[in-house]
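So you can see what is in the structure, the chains are spelled out below.
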Amino acid sequence: MNILHKFKETAVSVLPVMAIVFLLGFTIVPLEPSLLLKFFISGILLIVGLTIFLLGVDLGIQPMGERSGAELTKRKNLSFLLITAFVIGFIVTIAEPDIQVFADQVRGVFPSVKKLTFTYIIAGGVGLFIMLGLLRIVTNLSLKWTLFICYTILFGLIFFAQDSFTAIAFDSGGATTGPMTVPFIMALGLGVSSVRAGKQDNSFGLTGISSIGPVLAVVVYAIVMRPSTGSGAPLTAADPELVEGLEGATNIVRQVIHESLTSILPLFVMFVVFQFLLLKMTARQVFRMLIGFVYSFVGLAVFLGGVYGGFMQTGKLLGQAFGALAFERGGIWTFLLILTGLLLGAIIVCAEPAVWCLSEQVETVSGGTIKRKMLLVFLSVGTAVAIGLAMWRAIAGFNIKWLLIPGYAVSMLLMLFCPELFTGIAFDSGGVASGPLTSTFVLSFALGAANSASGSSDSFGVIALVAMMPLIAIQIMGIIYKIKTSKNNKGGQGV
């Protein structure tokens, strides 16, 4: 019955996105019937793939991460724990499908950037900050002070990097936290905190800290290398020529199988190594995890097939049509573009695989006191505002720093009043909200709008905004939760 429950939840998340696209495609932004049919089939694939993937995460990936974190901590060898954490973070990040797509997009705007080098820099940043995050858990350092110091250093450095690379740096932090990285990082932190710190809620914040690493690494890379822009435009699987006809379908199948294998295989190799050297699980436990890996591979392949088969292409064409109308006519059309961004942001975040993984963990660790639905509501509001701002920027074309600096300043200020548990959840949410759907459909939508409105191929900053706004929204949720809990406690004492 677990799979039926997950199917229902994913369907409820994806179907509203499909409804919005069909409403627009049949009315103010007419789309070809063949494209809408392709989009419908892709939507069904998304629902089925996400359901199978989440089931696989429950069976294999999450238990592996928890057991690994717990066993590494029991060895009472801090150096071994941190070095192993770096290797895990580095390997898993290189395998993340979002990173491969993102690196191609960066290379399209900055031809001097080498994809392999850029990928290794991002992966190294993730590995180093996973080490920092686990060190914080083991030594029980303050999460708020850790985040404050890291972001202070980061924002001190971005003023030395070129403006055009700032958005790319912050986008890289969101792109790293995809469907494979997040479940394993969260489970690893949960395992370490449950053994070392004595409480599982201390694990929240590890994904948020890990997201800082690639941003800082890319900023340093930009300062040192000073990459130059070119005339190329990012090439993604959203381009029509890649998805038309039998040859296009074959290309998609090859692509999703390759990306799914490169995502699952490194984790599977680590599982085999850990089983012999660290975990020593029973045959029944191993078999259960093997089934989980198979489910994860199949689910991810079907999910990505839906993303590349219709979602990205439809998002780009919708953005192009809307951007052209907003640029030529302005007024109500600009408003409708921003409104569409708000609606898509509110809905699409609920279809992200990593969001479901985080929301389940939050509800479980909190013993049900923090409801998944409430978390999703605040996360949706934050993401909606982020996409709305991204649509505004696509038309206006202003510097992304005018949004990032005050946004993160507010986030730091809210930490003074927010419970530390919610601060950890908030910064984790910032990473998980910017997953495959955001970096494909929404990024394609913004790319199309920017191309039509200003002729710019540089639409970077969408993922950065999506990663930033949940930091504010979830911490506001934490402050409200704190106030309500305080009132309830006072009421109970008075009875």
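Here, the structure is the one placed above.
In this text, all values refer to a predicted model and were calculated from it rather than measured experimentally. (Residues numbered from 1 in each chain as written. Predicted model: local features only at pLDDT ≥ 70, side-chain atom pairs only at ≥ 80, totals over all residues. Heavy atoms only, no water.)

**Here's the deal with the nonpolar core**
Counting residues in hydrophobic clusters, the biggest one holds 153 residues, and the most contacted among them are Val106, Phe118, Leu134, Tyr151, Phe165, Phe170 and Leu465. If you tally residues by element for this core, the top one is helix 11 (residues 283-329), at 14 residues. If we skip the residues at most four places from it in the chain, valine 106 touches Val113, Phe118, Phe165, Ile168 and Phe460. (Core = buried A, V, L, I, M, F, W, Y, C linked by side-chain atoms within 4.5 Å. Buried < 20%, exposed > 50% of the residue type's maximum accessible area, 1.4 Å probe, protein only. Helix = DSSP H or I, 4+ residues; strand = E, 2+ residues; numbered from the N terminus. Contact = heavy atoms within 4.5 Å.)

**Some thoughts on the side chain of serine 211**
Structurally, the position occupied by serine 211 is in helix 9 (residues 206-225). On the basis of relative accessible area, serine 211 is assigned to the buried category, the value being 10%. If we skip the residues at most four places from it in the chain, serine 211 touches Gly173, Thr177 and Gly431.

**Details of the packing of aromatic side chains**
Taken as a whole and judged by the stated rule, the model has 20 aromatic pairs. Ring geometry for phenylalanine 422 against tyrosine 481: centres 5.0 Å apart, planes inclined by 45°, an arrangement best described as tilted. Remark: tyrosine 481 occurs in helix 18 (residues 462-494) and phenylalanine 422 occurs in helix 16 (residues 420-432); sequence separation between them is 59 residues. Of the residues examined, tyrosine 481 reaches a relative accessible area of 31% and is grouped as partly exposed. Cluster of aromatic residues (ring-pair linked, three or more members): Phe22, Phe26, Phe39, Phe40 and Phe311. (Phe/Tyr/Trp six-rings, centres within 6.5 Å; stacked < 30°, edge-to-face > 60°.)

**Notes on a nonpolar patch on the surface**
A cluster of nonpolar side chains, namely Ile332, Phe335, Leu339, Leu342, Leu343, Met374, Val377, Val381 and Val385, defines an oily patch on the protein surface of about 750 Å² accessible area. Of all the secondary-structure elements, those providing two or more residues to the nonpolar patch are helix 12 (332-348) and helix 14 (372-396). By residue number, the principal contributor to the nonpolar patch is helix 12, which donates 5 residues. Note that valine 377 resides in helix 14. Its relative accessible area of 46% is what places valine 377 among the partly exposed residues. (Patch = residues over 30% accessible without salt bridge, like charges linked within 9 Å, V, L, I, M, F, W, Y side chains within 5 Å. Areas by Shrake-Rupley, 256 points an atom, 1.4 Å probe, with all protein chains shown as cover. Salt bridge = Lys/Arg side-chain N within 4 Å of Asp/Glu carboxyl O.)

**So, helix 6 (residues 143-157)**
With 15 residues, helix 6 ought to run about 21 Å at 1.5 Å a step, and its terminal C-alpha atoms sit 21 Å apart, in line with that. Buried residues of helix 6: Leu143, Lys144, Thr146, Leu147, Cys150, Tyr151, Leu154 and Phe155, and no others. Taken down its axis, helix 6 places every buried residue within 160° of arc, on the same side. A side-chain oxygen of the first residue of helix 6 lies 3.4 Å from the backbone nitrogen of lysine 144; this N-cap is serine 142. (Expected span 1.5 Å × (residues − 1). Arc of directions from axis to C-beta. Polar contact = N/O pair within 3.5 Å; in protein donor to acceptor, adjacent residues only side chain to side chain.)

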